[in-house]
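# Close look at the chain arrangement
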Amino acid sequence: MRPHKDKALNKRGQASLQKSFPCEQCEHSSPSPGEDGYNDMNKEEGIECETDKVRNQLQEKVAGMESFVGHLEEIFLTVEENFGRREQHLEQHYNDVLQTLSQRYDERSAGLEAEKKGKLEALYTQLLACGQAMDASKELIEMAQEIYRCQDKRLFLKIVMPAIKRIEEFAKKKVDLTLATRPEFDTPLADLTDVKAMMDSINVIPAPSAPVINPQIPNSATQTSLRVCWSLFSDDTVDYYELYYRPVLEDVPADGTQMPQVSKVKVKETHCSVTDLLPNAQYELWVTATNTTGISPASEKALYMTVPSPPVIKGRECTSCPEAAFISWDSGNTNPVDSYTVELSEMSAASTHSDVTESIVGVPTCQCVVQLQHGRRYLISVRAVNVGGSSNRSEILTVSTTGTFFHLLEDTAHPCLSISEDGFTIFYEDEELPISAMASDDNTFTRCVAILGDLIPVRGRHYWEVEVDDDTEFRIGVAYMDTERNSYLGANSTSWCMRHIVTPSRHKYEFLHNGWSPDLRITVNPVQIGVALDYQEGTVSFSTWI
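Not measured: the values here are computed from a predicted model. (Residues numbered from 1 in each chain as written. Predicted model: local features only at pLDDT ≥ 70, side-chain atom pairs only at ≥ 80, totals over all residues. Heavy atoms only, no water.)

Our next topic: the overall build of the protein chain. What the protein chain contains, in helices and strands, is 6 helices and 24 strands. Scored against the burial criterion, the 546 residues of the protein chain give a buried share of 30%. Intrachain contacts of the protein chain at a sequence separation of at least 6 include 66% that bridge at least 24 residues. (Helix = DSSP H or I, 4+ residues; strand = E, 2+ residues; numbered from the N terminus. Buried < 20%, exposed > 50% of the residue type's maximum accessible area, 1.4 Å probe, protein only. Contact = heavy atoms within 4.5 Å.)

So this is what it looks like as structure tokens:
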């Protein structure tokens, strides 16, 4: 791009020189219309280049400003939340102080009431004692006065001595004339230490309570990342959060000596995206909140899962027919997934791709039969699904329903047969094999040099074609999957075939089932054979192409 820009600048410079010397050009030669058009085109290319550059710069600035605005909105919400929590914290503290002071007032008032009652009771008791003493004194004085006025000397002598004795006894009694209590009240200093501590704590933010991690929601993960959210039940002030996470491993010693390493992320919001994770892996997460006072207790641990890796379609195990397709795939993940989603779209004649037109969800295993329409072409892909969401699409498989499509099963092949890499062509190695090489499992043909193809996914009408070599003997047909492996095809009741035999004099063709052959002849050697199978009618037909 840079050389192109310099070239455009040079062309613009040439055009400016031509405009700066009009007299010189008129005097010597006039520019041709073609040159002017060429220069104008160069200027237009240069202007377009500069315009694109400026537009890209503006788009980058706009994207940066939009990102900054989004960040400002998050900060604005954080400030509002912190203000609300701080306001509620302050109000709660002042309410606590007022409540404590009210309790102190009630306690002090009750104490004064008790002291007042004690003083009044003491004064009242002393007042009663003084009254009784005064009454007794008055009584003795009146008695003495009556004795003094008595004119009868004999009576006077009789009553004066007991009276004098009473007066002497009364005089011996001491009357307490001091106050039993002081009128002043005790005023001890009020202990307001706790109130002072509460007032001082208004300026101290309490440590946060434990956060609560929200359960994982659908589509909150990717193949290598998780979006985690949490909340606070209380109105705590938080400076930042620390999110801890580690993978959950199945084979961990009970003593915990080989626990996976714990990672940590520090954020200010109540959400966080954790990256660089393993696909389809379970992670254990917990979070703490921190402010200037301290760190909260850790939250309860939560389990999150990343999205699975895309499945891998097994092309060699997929088959199709005019009405359906059998799709098989490998999970592509070490850990099991919840289910799979098969997506298909129909290809039009003018395009090589199309949007998804149908999805089959909740497929529990790694295979699925998809119902299709005859004579169409489809693009089929698979996604793996777990609680975190859906994986990316697998590689796309193209399926055609114009005929029946299947691969050859290598595990059924006779040891003398080999299969091409694409799974459609077989080769016969005409050499004797040792007995050890002939030993094989129960699924392999031993007597008949044969091989089976994949099972057809659905019953119905099916058609496929086979290219043959007229110098090679062969048997082509259909058979049950459990047909005998030590028997020839067409020689039992579980197989039907067309047989080609090469003799020195001619080529012989037979159609065999259960050892029986109808009297049919083919006069021209075919190079291509079509096989038509009709489940409803219970027939198999062979057609030849020259």
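Structure shown, so let's carry the discussion forward.
In this section: a nonpolar patch on the surface. Nonpolar side chains collect at one region of the surface, where Leu 98, Leu 101 and Leu 192 lie side by side and expose about 260 Å² of accessible area between them. Here Leu 101 shows up in helix α3 (residues 33–149). Relative accessible area serves as the criterion here: at 35%, Leu 101 is assigned to the partly exposed category. (Patch = residues over 30% accessible without salt bridge, like charges linked within 9 Å, V, L, I, M, F, W, Y side chains within 5 Å. Areas by Shrake-Rupley, 256 points an atom, 1.4 Å probe, with all protein chains shown as cover. Salt bridge = Lys/Arg side-chain N within 4 Å of Asp/Glu carboxyl O.)

What follows concerns the sheet that holds strand β22 (residues 507–513). Read from one edge of the open sheet, 3 strands run β20-β21-β22, paired in antiparallel fashion. Strands with a single pairing partner mark the edges of an open sheet, and in this sheet they are β20 (474–479) and β22. On average, each strand axis in the sheet is tilted by 10 degrees relative to the strand beside it, whichever way the strands run. Of the pairings in the sheet, the one linking β20 to strand β21 (residues 495–502) comprises 6 bridges and is antiparallel in character. Across the sheet, Ile 476 pairs through a bridge with Met 498, a residue of β21. (Pairing = 2+ DSSP bridges. Axes fitted to C-alpha atoms, helices over the stretch in contact; angles between N-to-C directions.)

Following the sequence through the fold, Arg 377 ends up in strand β14 (residues 377–386). A relative accessible area of 44% means that Arg 377 is categorised as partly exposed. Spatially, the C-alpha atom of Arg 377 lies 6.0 Å from that of Glu 346, the residues being 31 residues apart in sequence. Those residues within four positions of Arg 377 in sequence are excluded, and the remaining contacts are Ser 345, Glu 346, Met 347, Thr 398, Val 399 and Ser 400.

Right, let's talk about the pattern of salt bridges for a bit. A complete count under the given rule lists 9 salt bridges for this structure. Here Glu 343 ties to Arg 393 by a salt bridge, and the two come within 3.1 Å at their closest N and O atoms. With Glu 343 in strand β11 (residues 339–346) and Arg 393 in the loop between β15 (389–390) and β16 (397–400), this residue pair connects regions lying 50 residues apart in the sequence. Residues Arg 461 and Asp 534 are paired through a salt bridge, measuring 3.1 Å at the closest nitrogen-oxygen approach. Residue Arg 461 is found in strand β19 (residues 461–467), and its partner Asp 534 is found in strand β23 (residues 528–534); the two are separated by 73 residues along the sequence. By relative accessible area, which is 58% here, Arg 461 ends up exposed.

Taken together, the 4 strands give an open sheet; going across it, the order is β4-β3-β6-β7, and neighbouring strands pair in antiparallel fashion. With partners counted over all chains shown, the strands left at the sheet margins are β4 (263–267) and β7 (302–305), one partner each. The sheet shows a mean angle of 30 degrees between the axes of neighbouring strands, direction not considered. By the bridge criterion, 4 bridges tie strand β6 (residues 282–290) to β7 in an arrangement that is antiparallel. Bridged to Glu 284 within β7 is Leu 303.

Attention shifts here to unusual backbone geometry. Although it is not a glycine, Asn 280 adopts a positive phi angle of roughly 50 degrees. Looking at the secondary structure, you find Asn 280 in the loop between β5 (271–274) and β6. Notably, Asn 514 is not glycine yet its phi reads approximately 60 degrees, a positive angle. Within the element layout of this structure, Asn 514 appears in the loop between β22 and β23. A relative accessible area of 46% means that Asn 514 is categorised as partly exposed.

Where burial is concerned, most of β14 is hidden: 9 out of the 10 residues are buried. Looking at chain direction, β11 and β14 are connected through 8 bridges and run antiparallel. Among the inter-strand pairings, Tyr 340 is bridged to a residue of β14, identified as Ala 384. Note: β14 against β16, 4 bridges, orientation antiparallel. When the sheet's bridge partners are listed, Tyr 378 is paired in β16 with Val 399.

A full pass over the atoms with the stated rule returns 0 disulfides. No disulfide involves Cys 272; its sulfur sits 9.5 Å from the nearest other cysteine sulfur, which is in Cys 229. By relative accessible area, which is 5% here, Cys 272 ends up buried. (Disulfide = S-S within 2.5 Å.)

Counting 22 residues, the largest nonpolar core has Ile 213, Val 228, Trp 230, Tyr 241, Leu 243 and Leu 285 as the members making the most contacts within it. Looking at this core, the elements with two or more residues in it are β2 (226–231), β3 (240–247), β5, β6 and β7. Counting 19 residues, the second largest nonpolar core, distinct from the first, contains Ile 313, Ala 384, Leu 397 and Val 399. (Core = buried A, V, L, I, M, F, W, Y, C linked by side-chain atoms within 4.5 Å.)

The next subject is the packing of aromatic side chains. Under the criterion given, the structure shown has 7 aromatic pairs. Directly above the aromatic system of Phe 445 lies the positively charged group of Arg 485, at a separation of 5.3 Å from the ring centroid. (Phe/Tyr/Trp six-rings, centres within 6.5 Å; stacked < 30°, edge-to-face > 60°. Lys NZ or Arg CZ within 6 Å of the ring centre and 35° of its normal.)

With 85% of its residues at a pLDDT of 70 or more, the protein chain has an overall mean of 80. Within the model, pLDDT remains below 50 along residues 1–35, and this stretch shows 17 contacts once partners closer than five positions in the same chain are excluded. (pLDDT = per-residue confidence, 0-100.)

A surface patch of negative charge is lined by Glu 410, Asp 411, Asp 441 and Asp 442. Structurally, the position occupied by Asp 411 is in the loop between β16 and β17 (417–419). Residue class for Asp 411 comes out partly exposed when judged on its relative accessible area of 45%. (Lys, Arg positive; Asp, Glu negative; His and termini not counted. Charge placed at Lys NZ, Arg CZ, Asp CG, Glu CD.)

Mapped onto the secondary structure, Thr 539 falls in strand β24 (residues 539–545). C-alpha of Thr 539 to C-alpha of Arg 461: the two residues are 78 residues apart in sequence and 9.7 Å apart in space. When neighbours within four sequence positions are excluded, Thr 539 is seen to be in contact with Ala 532, Leu 533 and Asp 534.

Turning next to the side chain of Ser 394. Tracing the chain through its elements places Ser 394 in the loop between β15 and β16. Of note is the side chain of Ser 394, whose polar atom sits 2.9 Å from the backbone nitrogen of Val 382. Aside from chain neighbours lying at most four places away, what touches Ser 394 is Pro 310, Pro 311, Ile 313, Ser 381 and Val 382. (Polar contact = N/O pair within 3.5 Å; in protein donor to acceptor, adjacent residues only side chain to side chain.)

On to the side chain of Ser 495. With respect to the helices and strands, the residue Ser 495 is situated in strand β21. A distance of 2.7 Å separates the side chain of Ser 495 from the side chain of Asn 492, its partner in a polar contact.

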